[in-house]
Structures are given as structure tokens and as C-alpha cells.
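Here are the chains, one letter per residue:
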Amino acid sequence: MESAIALTRFYHPLLTGSYSHHLRSLSLFNSTPIFPKLSSVKYPFATISPARFIVTASSSPLSPSTTVAESQGLEQIKSVPTKPIEGQKTGTSGLRKKVKVFMQENYLANWIQALFNSLPPEDFKNGLLVLGGDGRYFNKEASQIIIKIAAGNGVGKILVGKDGIMSTPAVSAVIRKREANGGFIMSASHNPGGPDYDWGIKFNYSSGQPAPESITDKIYGNTLSISEIKIADIPDVDLSQLGVTKYGNFSVEVVDPVADYLELMENVFDFSLIRSLISRPDFRFTFDAMHAVTGAYAKPIFVDKLGASLESIANGEPLEDFGHGHPDPNLTYAKDLVNILYGENGPDFGAASDGDGDRNMILGRRFFVTPSDSVAIIAANAQDAIPYFQSGPKGLARSMPTSGSLDRVAQKLNLPFYEVPTGWKFFSNLMDAGKLSICGEESFGTGSDHIREKDGIWAVLAWLSILANRNKDKRSGEKLVSVADVVTEHWATYGRNFFSRYDYEECESEGANKMIEYLRDLISKSKAGDKFGSYVLDFADDFTYTDPVDESVASKQGVRVVFSDGSRIIFRLSGTGSAGATVRIYIEQFELDVSKHDMDAQIALKPLIDLALSVSKLKDFTGREKPTVIT
């Protein structure tokens, strides 16, 4: 009973949430586990001095209802003993595992503390960090853990999206606008969410870019030697209300996750031009948020600002389990949207975004735009259609597996061009050096130097800008220039790069790795002129990239087999999954003959696809008969 009285004193009513949730969070300060095993939670007696609050009107220009909660001072910083946990090496986009892994004792806390141990003190001491996520299961609990460890390590202020929500591109935008030291993104991107699925965490640096390998390598090293976690014994912060909560020299500000990002989009695009298209009675638009984070952005941007009807937003409520869906905007997992666009009397334009808002899929009526073509078409039309690029792009870049469509645009526009490994951090270096404006990855990621992440809504607005510009002089009743028209005109000018990607998800890691090693050995023995079926080898290698900015080297980035006619087959293991290995095979063939541009990509590429499966011995190594996803 005594402990219950202490608890009711300690947790001020301003900090909302269930009483049992506060009991559980108290274990963060009074036992070794930062997040105890849920099956054996024990609540120790409260020994922490009660925090006393004064609630005052806020001077922060957030909203009329914003309040500031002030404590008399930051309570003691506790040093919690811990031990290293295996398997905390980050992949292409942070650390991703099953939710139940992150919910193990100290699992998340170890990684967060290892991050602070890896950063120079000047990068966070008394500084400002941003925190946001895609709304998936475990984000709310993780937010409290991150906030308390940040306070324990001397961070001055955490700026967090309301309810812990903030898309990946919005986090990058907020870091840049607020001149923050960096930010945490709680997301497993396009992977499923919920108690039995995936969770992830990554850190972005001061220009909004994903942390470079020099930092992620240090984090991993520190996870192998960590012995203590520094944590401030402050109560959970109410993330449901905009406002500032202060604890001595540390504060948490809960902000509108849309406001700064929307302001940036209005500066990049001509919203009045886009509105003129969306408001036309002869143009129909639909956006599928896939019950993911862009549901929080879709209504304020597309409906409130651009005049789309509320009915044009599908699955617009962010849910912790994404409505039991797989929030990956491709032809397989966004099948409902595909069916609408390919159905009778479908809309003129359709788009979808993924779990954390950084990927996109673009569709016209009965027409799919490949991500490789999408970035090339945006680049080719950017100067005419998007005010941000009115002086022309500085340079263009793509990831190595992405088709060569963008290369041809760069050549025609006489722009610098870069081919980089998969991973947005490689683009970010080029952007920070002023060498790059527009870039993309075939994995449905497209973006520009307005931020330092790929950006799903940006890509949708770019396409709407292109269509609006092409149709601005069309009178009511005249046939509008369609998505298909824009793409086929582009092919007629630049040629078509037939492209497809085969994904084999959650393969056994041992077999997948053996397959890649087999391919590396095969190409080491190959030479120009060798025959692969009817194809003649130009070169084969395991892609290595030397960064032109910092001269860092990234090796073993994908096995490339390039033939004399320019056709390519590429083999990679993806670093974005949370379990097993995802094998990806990329197949590409260039076609200049306009009469062949309407061929189905799977038909045009079938000889190369058969060759790729044969050469790799994929079935023998993985046991997989069919891909999980074809794009």
C-alpha cells in the first residue's frame, strides 16, 4: 500500500496513460532491465523522490492549448548495469528485428546507450535531438525509453512528434529546419507491424542524413562491450498533447508532426498549380496510405491544402499493425490500389506510400510506373514543373541495381551523374557536397536534396506537378495528358529500360550466403567475351564504390553481370529485413525500338530471367521455387 501511495504522488496527472503502464515504466529506474520480460514483470517499491510540477501557459508558438510542465529539477541519473547482447549490428537502414526481440531485457536500451557512447559528446551534450516513428506497435514504449536515456546522457532537449508519430522524411526535414544535432527514427520501414512482426530503430545526423558507416560500426562495437546504461529517473511524458515538459535543464517538446514538413513541401512545389489539377472535375486521384504513417499527412496535404476529396484517401488512419497489412507499396502488397487503378473506370492517378513514408508507388489508369522510370521522368521534367528546380538540377544519381533510365537523362541534360551502392547515406554525402539534386532507388525510393531521405509524398507531389504542368492549358472536356502518355513519350525520347526485380523473402541465411559466395567465385573466373547462353559477357564484378566526397570505400555491394548489349543481371542480399535473408535478383535490358516499347516487361526479360535463375542455382541454394514479390 505504501508503494502505491508513493506512485500516485510520483506520477502527476498531466502524464496520461494507464496506472498499470506507469507501474511498468517505473521498473526502468529500479531494476536492471530497462524493458523487463513481459512474462515476469515485477514492480519494486518506489524509492524515487516525487517530482513536483508547475503547469504554465506556453510561450512556444505551437497552439493556443499548449502548456509547459516544469519540475523543480532533473532527478538523479542512474547507472543501470547491463551486459552485451548479440546481433545488434545495423543493416542498410538501422537495426531491425522482431518486436519480441526488442522487448527483451535491455535490448533497445543497450543499442541507444551504445549510440551515445559512439558519438562525440559535442554532438549531443546539451543539444537538440528529434524523435519520431511510423506509429507501429511498441513505438510508444520505445519513445519513453529513448527519452529517458537521452536525458541520462546529457541531451538538452528532445523534440518528438505527437503520439510518437513522424515520418522518416519529416524527421529529416525537422532536423534541418530546427538545426538539431540529429534524430531517432522508430521504424522497420515497409516491413509488417504488430506484436508478432517487426520493429526498427536508426539514427540520423545533423543534416538529416542516416548515420554513416563510421558511426554505425562504432555503435555495433560498443554493443559488444557495453556494461552500463545511463538513465534519468523522470516519469513518462504525455505524448498525446502538444507542449513542453521540463525537468531541470532537460525538456521534451511534443510537436505537430506535419507542420514543418508541410511548410517545406509548399516551398518546393507550386501548390496552386497542383490544386488546379486535383480540383478538375475530369481528373480523379486516389492515395493509399496503407494504414501507415502518411495517413497522418494525407488529409492535411492532399485534402486540406490541395482540395482533394476526403474519399480520395484510402486506409488513411495509422494503425499499430497497419491494419494487418504489409505496408510496402508494390504490385503485390498494394494490390487493393492496383485493382482500383486497373478496374473499370479507374482513377486517372493513384499512389501509395509505405510504413514510414519514404517509399512510393505511382500508377496511372491501367498503367504502372517502375521506380527506375519514375525518378528518370521526374528528373527530365523537374525544371519545367517544380519551382524548387527552376535553375535546373545540380546532378543526378541512382543506386547501382536501379535501371539506367536516369543515366540517359543525365547525359541528355549534360548533368553530373553518380552510381552508388544501395543506401540513402551515399546520396546524402553527395547532396551535402552540392553535387546532387535528384536521386532514386529501384526499391520504390525517390527523393531530392530538399531533405536527406527518400520521400514518398514528395514523389507523389512531383508526379502531380508534372501532370498539372502538362494539362494546365487543357480546357474542360479536352483529353488530358495521362500518366501513360508521360511515360511513353519519355520512352520515345530516351528509349525504354525493361526492368524487373525478383524478391525471395526470408530465405535461410546460410543458403543465401552460400549462393552469393558461389557467384563471387564464378565471376572471379569469368572474362570479357565469355558466353552465357546467347549473351556475351562485357564484364562481371562485385560492385565497389569509392565516395567522391570523403573517399570512403564500400565493397561487396552486389554481384553484377553485364553483357555486351548493355543487359544486366544483379544479385544482392537485402539489408532491410528483420529475419533470415532476402535474395534480390535485378534484370534489365535496354530497348531503343519504339515499336517494342509496349511489350510486357516479364515477356521482354524472360530469356534474362531464365539465365539469372540458372546461373545463380537459386533453387539449389535456397530451395525456393518462386519469388515472394515481382516488381
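No experiment lies behind these values; they were computed from the predicted model shown. (Residues numbered from 1 in each chain as written. Predicted model: local features only at pLDDT ≥ 70, side-chain atom pairs only at ≥ 80, totals over all residues. Heavy atoms only, no water.)

Draft legend 1. Spotlight on the overall build of the chain. The helix and strand inventory of the chain stands at 20 helices and 29 strands. Within the chain, buried positions represent 58% of all 631 residues. Nonlocal contacts in the chain, meaning residues at least 24 apart in sequence, comprise 72% of its contacts between residues at least 6 apart. Approximately 24600 Å² of the chain is accessible, and the part contributed by carbon and sulfur atoms is 49%. (Helix = DSSP H or I, 4+ residues; strand = E, 2+ residues; numbered from the N terminus. Buried < 20%, exposed > 50% of the residue type's maximum accessible area, 1.4 Å probe, protein only. Contact = heavy atoms within 4.5 Å. Areas by Shrake-Rupley, 256 points an atom, 1.4 Å probe, with all protein chains shown as cover.)

Draft legend 2. Fine view of unusual backbone geometry. Within the chain, Arg-366 stands out as a residue other than glycine whose phi angle is a positive 55°. Along the chain, Arg-366 turns up in the loop between strand S15 (360–364) and strand S16 (367–369). Taking the relative accessible area as the measure of exposure, Arg-366 reaches 51% and is therefore exposed.

Draft legend 3. Geometry of the side chain of Asp-455. Within the element layout of this structure, Asp-455 appears in the loop between strand S20 (445–448) and helix H15 (456–470). Buried and without a salt bridge, Asp-455 has Arg-176 as its closest oppositely charged side chain, separated by 10 Å. In this structure the side chain of Asp-455 is engaged in a polar contact, spanning 2.6 Å, whose partner is the side chain of Tyr-261. Residues contacting Asp-455, with those up to four places away along its chain left out, are Pro-169, Tyr-261, Met-265, Gly-357, Asp-358, Thr-446, Gly-447 and His-450. (Lys, Arg positive; Asp, Glu negative; His and termini not counted. Salt bridge = Lys/Arg side-chain N within 4 Å of Asp/Glu carboxyl O. Polar contact = N/O pair within 3.5 Å; in protein donor to acceptor, adjacent residues only side chain to side chain.)

Draft legend 4. Summary view of the sheet that holds strand S28 (residues 581–591). If you walk across this open sheet you meet the 7 strands as S22-S23-S26-S27-S28-S21-S29, and the pairing is antiparallel. Edge positions in the sheet fall to strand S22 (531–532) and strand S29 (629–630), since each has one partner strand and no second. Where strand S27 (residues 568–574) lies against S28, 7 bridges are found, and the strand directions are antiparallel. Its bridge partner lying in S28, Ile-569 is registered against Ile-587. The strands touched by helix H19 (residues 606–616) within the sheet are strand S21 (496–507), S22, strand S23 (535–542), strand S26 (559–563), S27 and S28, with S28 carrying the most contacts at an inclination of about 140°. (Pairing = 2+ DSSP bridges. Axes fitted to C-alpha atoms, helices over the stretch in contact; angles between N-to-C directions.)

Draft legend 5. Spatial organisation of helix H13 (residues 405–413). Along H13, the residues that are buried comprise Ser-405, Leu-406, Val-409 and Ala-410. The buried side chains of H13 occupy one side of the element, clustering within an arc of 135° when seen end-on. Exposed residues on H13 whose side chains face more than 90 degrees from its buried face are Gln-411 and Lys-412. Where H13 ends, the next residue or the one after it, Asn-414, has phi of about 55°, a positive value. (Arc of directions from axis to C-beta.)

Draft legend 6. Main features of the environment of Cys-439. Position of Cys-439 among the secondary structure elements: in strand S19 (residues 438–441). Here Cys-439 falls in the buried class, since its relative accessible area comes to 0%. Remark: the alpha-carbon pair of Cys-439 and Gly-395, spanning 44 residues in sequence, is separated by 8.6 Å. Among all residues touching Cys-439, those that are not within four sequence positions of it are Val-375, Ala-397, Trp-424, Phe-427, Met-431, Thr-446 and Gly-447.

Draft legend 7. Looking closely at the packing of aromatic side chains. Scanning the model with the defined rule gives 20 aromatic pairs in all. Relative to Trp-199, the ring of Phe-102 has its centre 4.6 Å away and its plane inclined at 70°; by these criteria the two rings are edge-to-face. Separated by 97 residues along the polypeptide, Phe-102 in helix H3 (residues 99–102) and Trp-199 in strand S8 (residues 198–204) bring together distant segments of the chain. Pairing Phe-285 with Phe-349 gives two aromatic rings, centres 6.1 Å apart and planes at 10°, and the pair type is stacked. Here Phe-285 is found in strand S12 (residues 285–288), whereas its partner Phe-349 is found in strand S14 (residues 349–353), with 64 residues between them in sequence. An aromatic cluster is present here, built from Phe-116, Phe-124, Phe-184, Phe-203 and Tyr-205 joined pairwise through their rings. We note Arg-408 situated over the ring of Phe-590; from NZ or CZ to the ring centre the distance is 3.5 Å. (Phe/Tyr/Trp six-rings, centres within 6.5 Å; stacked < 30°, edge-to-face > 60°. Lys NZ or Arg CZ within 6 Å of the ring centre and 35° of its normal.)

Draft legend 8. Just the pattern of salt bridges, in detail. In the structure shown here, the tally under the stated rule is 40 salt bridges. Here Asp-217 ties to Lys-89 by a salt bridge, and the two come within 3.7 Å at their closest N and O atoms. You can see Asp-217 sitting in helix H7 (residues 213–223) and its partner Lys-89 sitting in the loop between strand S3 (77–81) and strand S4 (95–98), a full 128 residues away along the chain. Taking the relative accessible area as the measure of exposure, Lys-89 reaches 46% and is therefore partly exposed. Residue Asp-260 is joined to Arg-178 by a salt bridge in which the shortest nitrogen-to-oxygen separation is 3.0 Å. Here Asp-260, found in helix H8 (residues 259–268), pairs with Arg-178, found in the loop between helix H6 (168–177) and strand S7 (182–186); they are 82 residues apart in sequence, far enough to count as distant. Residue Arg-178 is classed as partly exposed on the basis of its relative accessible area of 30%.

Draft legend 9. Fine view of the confidence of the model for the chain. Mean pLDDT over the chain works out to 88, with 87% of the residues at or above the 70 mark. A low-confidence stretch, residues 1–72 stays under pLDDT 50, and its non-local contacts, those more than four residues away or across chains, total 143 contacts. (pLDDT = per-residue confidence, 0-100.)

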